[in-house]
Amino acid sequence: MYYIYILTLTYIMGAHQTGYDLIISDNHTTICYDDLGEGKEPVIFIHGFPFNKSMWKPQLEFLKDTHRVIAYDIRGYGKSSAQDATYSINLFADDLIKLMDALKISKAVICGLSMGGYIALNAIKRFPGRFSGLILADTQCEADTAEAKENRYKTITQVESEGLEGFSEGFIKKVFHKNTFETKKELVKKISTVVLANKLAAITGGLKALAERYETCSSLANIHVPTLILCGKDDELTPVEKSEALHNGIKDSTLKIIDEAGHLSNMEQPEEFNENLTNFLKV
């Protein structure tokens, strides 16, 4: 009884549980997240497809002494549960808001890479009052072209018939800078393992969500929070011009291009990426 009382009192006083692989559950979804450090308005990191929250470890470890930082597994990825609901960027953004509500976070800075950026742009469009800052990394505001959408559905058919190995091998070749394959072999191996650890439903569901997402370019002018845009100079999946379009559309945004980086700029060049984060969060 005394133990329960202490937990309840701590919760009322506004403390939060910290650590790795924490769990929040409701009747439909279980979300696994990391919550480190202290700060009035946390920074929430949203991973890309088809990764998990571990991709943000370099940023969490770097910022945890000065900020409260949270990274979570999107439903169906990592250690978060998959449900029967059809995956969509809308649904993923709803999950972000539910996580914030569960953690009693009224406002946060959000940082999304690739699909995480799509989720961030969707969320700030629909729930603008919940965010005090925006960080977009290696992402874009456009919807898929008809050709890109067709290719995603062809990939779904392929992985359903052949499994994930071929998909993973081809995908990995596109996300890294050419030098990374020689200079950071352990990173390449780690990301390959993360991709292959996904359940088939996470890959096919994620591909459908990406294919069916709507554009957010038309709403960029409505973003009125400080915004940082980061992009690997040699990003093949979302080239620099996509980040330039975001920069041109979001008033007073800051654009930083990271050399010797492809689509995973936060992991390929973590020192430069983190320096940009620190400078942005100080403002």
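Along every chain, residues carry numbers that run from 1 in the direction the sequence is written. Local features in a predicted model are, by the rule used here, given only for residues with pLDDT of at least 70; side-chain atom pairs are given and counted only at 80 or more, and totals for whole chains, interfaces and linings are based on all residues. The side-chain figures draw on all heavy atoms in the structure; neither hydrogens nor water molecules are used.

Enquirer: An account of the state of the cysteines is requested, with residue identities and associated values reported.
Expert: When the sulfur atoms of two cysteines come within 2.5 Å, that pair is taken as a disulfide. Counting across every chain of the model gives one disulfide. Disulfide partner of Cys141: Cys217, at an S-S distance of 2.1 Å. Across the disulfide from Cys141 to Cys217, rotation about the S-S bond amounts to roughly 95 degrees, and the bridge is consequently right-handed. Of the two residues, Cys141 is situated in the loop between β6 (131-137) and α5 (146-162) and Cys217 in the loop between α9 (200-212) and β7 (227-232); the sequence distance between them amounts to 76 residues. Of the residues examined, Cys141 reaches a relative accessible area of 4% and is grouped as buried. Remark: exposure states derive from per-residue accessible area (1.4 Å probe, protein chains only) relative to the maximum for the residue type, with buried under 20%, exposed over 50%, and partly exposed in between. Residue Cys217 is classed as partly exposed on the basis of its relative accessible area of 31%. Of all cysteine sulfurs, the one in Cys111 lies closest to Cys32, which takes part in no disulfide; the gap is 19 Å. Note on conventions: DSSP H or I runs of at least 4 residues are helices, E runs of at least 2 residues are strands, and numbering of each starts at the N terminus.

Enquirer: Quick rundown of the layout of surface pockets? Include the residues and the values.
Expert: Using protein atoms alone on a 1 Å grid, points that fit a 1.4 Å probe yet trap it form a cavity, whereas open point sets bounded by protein on both sides within 12 Å along at least five of seven lines form a pocket; residues with an atom within 4 Å of a point count as lining. Grid points are joined across faces, edges and corners, and a volume is the space filled by probe spheres set on the points. Empty space within the largest pocket amounts to approximately 790 Å³. Ala148, Arg152, Phe171, Lys174 and Leu237 are the residues nearest the centre of the largest pocket, which is lined by 29 residues in total. Contributions of two or more residues to the lining of the largest pocket are made by α4 (115-126), α5, α6 (165-175) and α9. Here the lining of the largest pocket gets six residues from one element, more than from any other, and that element is α5. A breakdown of the residues in the lining of the largest pocket according to their chemical character gives 11 nonpolar, 10 polar and eight charged. Nonpolar residues are Ala, Val, Leu, Ile, Met, Phe, Trp, Tyr, Cys and Pro. Charged residues are Asp, Glu, Lys and Arg, and all others, Gly as well, are polar.

Enquirer: Which residues make up the packing of aromatic side chains, and what values go with them?
Expert: Side-chain rings of Phe, Tyr and Trp (the six-membered ring for Trp) are treated as a pair once their centres are within 6.5 Å; stacked means planes under 30 degrees apart, edge-to-face means over 60, and tilted covers the remaining angles. Taken as a whole and judged by the stated rule, the model has nine aromatic pairs. Ring plane angle 85 degrees and centroid distance 6.4 Å describe the contact between Phe49 and Tyr77, whose orientation is recorded as edge-to-face. In this pair, Phe49 is assigned in the loop between β3 (43-46) and α2 (57-63) and Tyr77 in the loop between β4 (69-72) and α3 (89-102), connecting sequence segments 28 residues apart. Each member of the pair, Phe49 as well as Tyr77, carries the same accessibility label: buried. Among the aromatic residues, those joined into a cluster by ring pairs are Phe49, Phe51, Tyr77, Phe167 and Phe171. Over a ring means this: the NZ of a Lys or the CZ of an Arg is within 6 Å of the ring centre and within 35 degrees of the ring normal. Just above the ring of Tyr118 sits the side chain of Arg213; from NZ or CZ to the centre is 4.1 Å.

Enquirer: Requested: an account of the sheet that holds β4, with residues and values cited.
Expert: What the eight strands build is an open sheet, ordered β1-β2-β4-β3-β5-β6-β7-β8; its pairing is mixed. Of all the strands in the sheet, just β1 (19-25) and β8 (254-258) have a single pairing partner and so form its edges. Geometrically, the sheet is characterised by an average inter-axis angle of 20 degrees between neighbouring strands, direction not taken into account. Should DSSP find at least two bridges between two strands, the strands are regarded as paired. As paired elements, β3 and β4 share four bridges and run parallel to each other. To get an axis, fit a line to the C-alpha atoms, keeping to the stretch in contact for a helix; angles then go from 0 to 180 degrees between the N-to-C directions.

Enquirer: Any details on the environment of Lys104? Residues and values, ideally.
Expert: Within the fold, Lys104 resides in the loop between α3 and β5 (108-113). Separated by 144 residues in sequence, Lys104 and Asn248 place their C-alpha atoms 34 Å apart.

Enquirer: Please give an account of the pattern of salt bridges that cites residues and values.
Expert: Whenever Lys or Arg places a side-chain nitrogen within 4 Å of a carboxyl oxygen from Asp or Glu, that contact is recorded as a salt bridge. Tallied over the entire structure, the rule returns 16 salt bridges. With a closest N to O distance of 2.6 Å, Arg75 and Asp95 form a salt bridge. One end of the pair, Arg75, is in the loop between β4 and α3; the other, Asp95, is in helix α3, and 20 residues separate them in sequence. On the basis of relative accessible area, Arg75 is assigned to the buried category, the value being 4%. By relative accessible area, which is 6% here, Asp95 ends up buried. For Asp144, the salt bridge identified is with Arg213, shortest N-O distance 3.0 Å. Of the two residues, Asp144 sits in the loop between β6 and α5 while Arg213 sits in the loop between α9 and β7, which places them 69 residues apart along the sequence.

Enquirer: Could you give me a rundown of the nonpolar core, with the residues and numbers involved?
Expert: The criterion is simple. A nonpolar core is a set of buried Ala, Val, Leu, Ile, Met, Phe, Trp, Tyr and Cys residues joined through side-chain atoms within 4.5 Å. Ranked by internal contacts, the top residues of the largest apolar core, which has 83 residues, are Phe45 and Met115. It only takes one pair of heavy atoms within 4.5 Å for two residues to be counted as in contact. If we ignore the near neighbours within four places in the chain, the residues touching Met115 are His47, Gly48, Phe49, Ile74, Tyr77, Ile89, Phe92 and Leu210.

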